[in-house]
Amino acid sequence: MAKLILVPTPIGNLEDITLRAIRILGEVDLIFAEDTRTTNRLLKHLDIQQSVHAFHAHNEHRALAGAIDKIRASSTVALVSDAGTPGVSDPGFLLIRECLKEGIEVECLPGPAALIPALVASGFPCDKFVFEGFLPHKKGRQTRLKIIAEEERTVVLYESPHRLVKCLGQIVEFMGAERKVCVARELTKIHEEFRRGTAEEVKSHYEEKPPKGEIVIVIEGKK
Ligand code: SAM
């Protein structure tokens, strides 16, 4: 019976791929990839020869029917994104839902996802948390911020480096200057950094030292 396997890939440090992920990537009939060049580089590093087909955010809706046909014609197909777990702020959800609707088995390997190391190392409670992904850039952003301001559980956001200071400014505006945050930057990479403090302190730091790289913001829940 056909099966779709979601395979998480490293978010920086290539050592973070699991032994099982390596075996599965070698064994499946084909791989759907968010960006075939990124995936081919990883496969080259792992010394795996595979057939890699594009399945990216721009074509996710259009590509669904064709993807389902390819999965049906195969025994097992892997889906990978550029980094981390497919479906988590990355393409995957529509294909997963369609597979389940079509009676195709879906499995997800455990593995890298930026939100988990950021959450756990933030020092905020991680027994209960809310993952908000990327906030909308314009329409709906303020509404989300107002909702997050009232949230009592720890909140995890993905943010781009050029919007970090703006976002921290909005946390000050909607949640108060004293709300504690942790910015996790470049996780698992050479320049990994955690900056913990009040929203105002962390904002001032990044105003002086504009950030580069990939960023997760963790916000302490409302007391
Ligand atoms: N699927 C990925 C996952 O499982 O985490 C997320 C993909 S999303 C398109 C990319 C965002 O994830 C980045 O903008 C950043 O917010 C976060 N991210 C990915 N890698 C990261 C890293 N090494 N350090 C910090 N944040 C990271």
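Our structure is the block above this text.
Reading the values: the criteria
- Counting from 1, residues in each chain are numbered in the order their sequence is written.
- Predicted model: local features are reported for residues with pLDDT of at least 70 only, side-chain atom pairs are reported and counted for 80 or more only, and whole-chain, interface and lining totals are derived from all residues.
- To get the side-chain values, take all heavy atoms of the structure and skip hydrogens and water.
- A simple rule labels every residue: compare its accessible area, found with a 1.4 Å probe on the protein chains alone, to the largest value its type can have, and call it buried under 20%, exposed over 50%, or partly exposed in between.
- By definition, any uninterrupted DSSP run of H or I lasting at least four residues is a helix, any uninterrupted run of E lasting at least two residues is a strand, and each is numbered from the N terminus.
- When we speak of the arc, we mean the arc of directions from the helix axis to the C-beta atoms.
- Contacts: residue pairs with any heavy atoms within 4.5 Å of one another.
- We call a residue near a molecule or strand when any one of its heavy atoms sits within 4 Å of it.
- In protein, a polar contact means a hydrogen-donor-capable atom and an acceptor-capable atom, both N or O and within 3.5 Å, with residues adjacent in sequence counting only if both atoms are side-chain atoms; elsewhere, any N or O pair within 3.5 Å suffices.
- Ten residues, namely Ala, Val, Leu, Ile, Met, Phe, Trp, Tyr, Cys and Pro, are considered nonpolar, four, namely Asp, Glu, Lys and Arg, are considered charged, and the remaining ones, Gly among them, are considered polar.
- Domain extents, as shown, originate in an automatic or database domain assignment.
- Definition used for salt bridges: Asp or Glu carboxyl oxygen within 4 Å of a side-chain nitrogen of Lys or Arg.
- Note on patches: the residues involved have over 30% relative accessible area and no salt bridge, like charges join within 9 Å, and the nonpolar side chains Val, Leu, Ile, Met, Phe, Trp and Tyr join within 5 Å.
- Surface accessibility follows the Shrake-Rupley procedure with a 1.4 Å probe radius. Residue values consider only the protein chains on display as shielding.
- Paired strands, in this sense, are two strands between which DSSP finds at least two bridges.
- Fitted lines through C-alpha atoms give the axes, limited to the stretch in contact for helices. The angle between two N-to-C directions lies from 0 to 180 degrees.
- Side-chain rings of Phe, Tyr and Trp, where Trp is taken by its six-membered ring, are said to pair if the distance between their centres is within 6.5 Å; with planes under 30 degrees apart they count as stacked, over 60 as edge-to-face, and otherwise as tilted.

Visitor: Residues and numbers for helix α6 (residues 141-150), please.
Guide: Of the residues making up α6, those classed as buried are R141, L145, I148 and A149. Down the axis of α6, the sector holding all buried residues measures 105 degrees, keeping them to one side. In α6, the exposed positions that point more than 90 degrees away from the buried face belong to K146 and E150. Where α6 is buried, its residues meet β6 (129-134), β7 (154-159), α7 (164-175) and β10 (215-219).

Visitor: An account of the site of the ligand is needed here, citing residue identities and associated values.
Guide: As a matter of local geometry, the ligand sits amid 19 residues, with V88, D90, Y158, L187 and I215 nearest to it. Within the side chain of Y158, an N or O atom sits 2.6 Å from an oxygen atom of the ligand. Among the elements of the structure, β7 and β10 are those that each provide at least two residues to the shell around the ligand. Partitioning the shell around the ligand into residue classes produces 11 nonpolar, three polar and five charged. Two domains each donate at least three residues to the shell around the ligand, and these are domain 1 (3-108) and domain 2 (115-219).

Visitor: I'd like to hear about the environment of N13, residue by residue, with values.
Guide: If you trace the backbone, N13 turns up in the loop between β1 (3-6) and α1 (19-27). By relative accessible area, N13 is classed as partly exposed at 28%. With 193 residues separating them in the primary sequence, N13 and Y206 have C-alpha atoms 24 Å apart. A polar side-chain atom of N13 sits 2.9 Å from the main-chain amide nitrogen of E15.

Visitor: Please provide a residue-by-residue account of the pattern of salt bridges, values included.
Guide: Across all of its chains, the model carries 19 salt bridges by this definition. Across the pair E107 and K3 runs a salt bridge, and its minimum N-O distance is 2.7 Å. Here E107, found in strand β5 (residues 105-108), pairs with K3, found in strand β1; they are 104 residues apart in sequence, far enough to count as distant. Overall, E107 belongs to the partly exposed group, its relative accessible area being 23%.

Visitor: Could you give an account of a nonpolar patch on the surface, naming the residues involved and the relevant values?
Guide: Taken together, the side chains of I116, V120, F129 and F131 make up a nonpolar region of the molecular surface, amounting to roughly 320 Å² of accessible area. Elements supplying a minimum of two residues to the nonpolar patch: α5 (115-122) and β6. Its location among the elements puts I116 in helix α5. A residue is classified by how much of its surface remains accessible, and I116, at 42% relative accessible area, is partly exposed.

Visitor: Outline the sheet that holds β1, listing residues and values.
Guide: Strands pair in a sheet through their backbones, by hydrogen bonds, and they do so in one of two ways: parallel or antiparallel. What the five strands build is an open sheet, ordered β3-β2-β4-β1-β5; its pairing is parallel. The open sheet has two edge strands with one neighbour each: β3 (52-54) and β5. Across the sheet, the mean angle from the axis of one strand to that of its neighbour is 25 degrees, orientation sign disregarded. Sheet topology note: the strand β2 (residues 30-33)/strand β4 (residues 76-80) ladder contains four bridges and is parallel. Bridge assignment links L30 to a residue of β4, and that residue is V77. Against the sheet, helix α2 (residues 36-46) makes contact with β2, β3 and β4, and its axis sits at roughly 160 degrees relative to β3, the strand it touches most. Helix α4 (residues 93-101) contacts β1, β2, β4 and β5 of the sheet and is inclined by roughly 150 degrees relative to β1.

Visitor: Outline the packing of aromatic side chains, listing residues and values.
Guide: Counting across every chain of the model gives three aromatic pairs. Seen in terms of ring centroids, F32 and F55 are 5.7 Å apart; in terms of plane orientation they differ by 35 degrees. Their pairing is tilted. Placement of F32 in strand β2 and of F55 in the loop between β3 and α3 (60-72) is noted, with a sequence separation of 23 residues between them. F55 shares its class with F32; the two are buried.

Visitor: Mind laying out the sheet that holds β6, listing which residues take part and the relevant values?
Guide: Reading across the sheet, the five strands line up as β6-β7-β10-β8-β9 and stay open at both edges, with mixed pairing between neighbours. Every interior strand has two partners, whereas the edge strands, β6 and β9 (193-198), have only one. With strand direction ignored, the average angle separating the axes of adjacent strands in the sheet is 15 degrees. Two elements, strand β8 (residues 180-185) and β10, share five bridges in a ladder whose sense is antiparallel. Each residue of the ladder has a partner; that of V181, found in β10, is I219.

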